[in-house]
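Given next are the chains, with one letter for each unit.
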Amino acid sequence: VSPSSLTFTSSNWNANQTVTVTGANDSLQDGNQSYTIVLAAAVSSDSNYSGLNPSDVTVSSIDDETEGFTVSIISGSQCMNCTTEAGGMVTFTVKLNSEPTANVTIGVTSSDTGEGTVSPSSLVFTSSNYNANQTVTVTGANDNLADGDQSYTIVLAAASSSDSNYNSL
C-alpha cells in the first residue's frame, strides 16, 4: 500500500485521500487470493477522532499463473524434425509455465526405439528449476533394414506430482 499513513487536518478533513494497493507477483498458480488492508485506529489530539478505528478493506489478488508446459520446436543439424540411422540427433526443450508446489516428473520415451531413442528418460522440475529449459536429445538408431524413412513420436508422459495443478497433466 502507498502511502503507509494518511493525515487529515482542519483544512483537508473533507477531501478524499487515495490509498494505492499494488498486487505482488508470485510464480505459483495459487488461485485468486483475498487479503485485508488494515486501517489502524486514528491517532489525534482531537478526542472526537483519537482511537476511532475505520473499517479494514478486503481486496483480491487475481492470479495470473496457469499450469502447463512450454515445449520448444525440435532443432538439429540434420534437418528439422528428423534424425538419421547414422546417429543423427535433434533436441527440444521443456519447461513449466508456473512454479509447482511439489516436484513434477515427466517421463520421456520414443514410440519406436528401433528408429530413435531419447535422453534423458524423465524430466524432474522443482520449485527452483521449473522455469529453466530442460533439453531432450533424440538420437537416430540404425535398424540395419532398407525400410526407407520412418516416422516415430517422442512421447511426453502425463506429469506425476503431488501438486494437484500438475499431476496427470
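Residues numbered from 1 in each chain as written. Predicted model: local features only at pLDDT ≥ 70, side-chain atom pairs only at ≥ 80, totals over all residues. Heavy atoms only, no water.

Participant: So what exactly am I meant to see when it comes to the sheet that holds strand β10 (residues 154–156) here?
Facilitator: Strand pairing in a sheet is mediated by backbone hydrogen bonds. Such pairs are either parallel or antiparallel. One open sheet accounts for 3 strands, arranged β8-β6-β10; its pairing is antiparallel. Unpaired on one side and paired on the other, β8 (122–125) and β10 mark the two borders of the sheet. Mean inter-strand twist for the sheet, computed between neighbouring axes without regard to direction, equals 20 degrees. Alignment of strand β6 (residues 104–110) against β8, held across 4 bridges, turns out to be antiparallel. Across the sheet, valine 104 pairs through a bridge with phenylalanine 125, a residue of β8. (Pairing = 2+ DSSP bridges. Helix = DSSP H or I, 4+ residues; strand = E, 2+ residues; numbered from the N terminus. Axes fitted to C-alpha atoms, helices over the stretch in contact; angles between N-to-C directions.)

Participant: How do you make sense of the nonpolar core when you look at a structure like this?
Facilitator: Proteins that are soluble and globular tend to have nonpolar side chains buried together. Counting 15 residues, the largest nonpolar core has Leu96, Val104, Leu123, Phe125 and Val136 as the members making the most contacts within it. Elements that contribute at least two residues to this core include exactly β5 (89–96), β6, β8 and β9 (134–140). The greatest single-element share of this core, amounting to 4 residues, is contributed by β5. Filtering out sequence-adjacent residues up to four positions away, leucine 96 remains in contact with Gly68, Phe69, Val104, Phe125, Tyr130, Asn131 and Tyr166. (Core = buried A, V, L, I, M, F, W, Y, C linked by side-chain atoms within 4.5 Å. Buried < 20%, exposed > 50% of the residue type's maximum accessible area, 1.4 Å probe, protein only. Contact = heavy atoms within 4.5 Å.)

Participant: For this particular structure, what's the right way to read the side chain of glutamate 115?
Facilitator: Considering the arrangement of structural elements, one finds glutamate 115 in the loop between β6 and β7 (116–119). Apart from the residues within four sequence positions on either side, glutamate 115 is in contact with Thr83, Glu85, Thr139, Gly140, Ala141, Asp143, Asp147, Gln150 and Tyr152.

Participant: What's the story with the side chain of serine 161 in this structure? I'm lost.
Facilitator: One can find serine 161 in the segment after β10. Classification of serine 161 by relative accessible area gives buried; the value is 12%. Within polar-contact distance, the side chain of serine 161 engages the backbone oxygen of asparagine 103 at 2.8 Å. Of the polar contacts made by the side chain of serine 161, one reaches the backbone nitrogen of aspartate 163; its length is 2.9 Å. Sequence-distant contacts of serine 161, that is, excluding residues within four places in its chain, are made with Ala102, Asn103, Val104, Tyr166 and Asn167. (Polar contact = N/O pair within 3.5 Å; in protein donor to acceptor, adjacent residues only side chain to side chain.)

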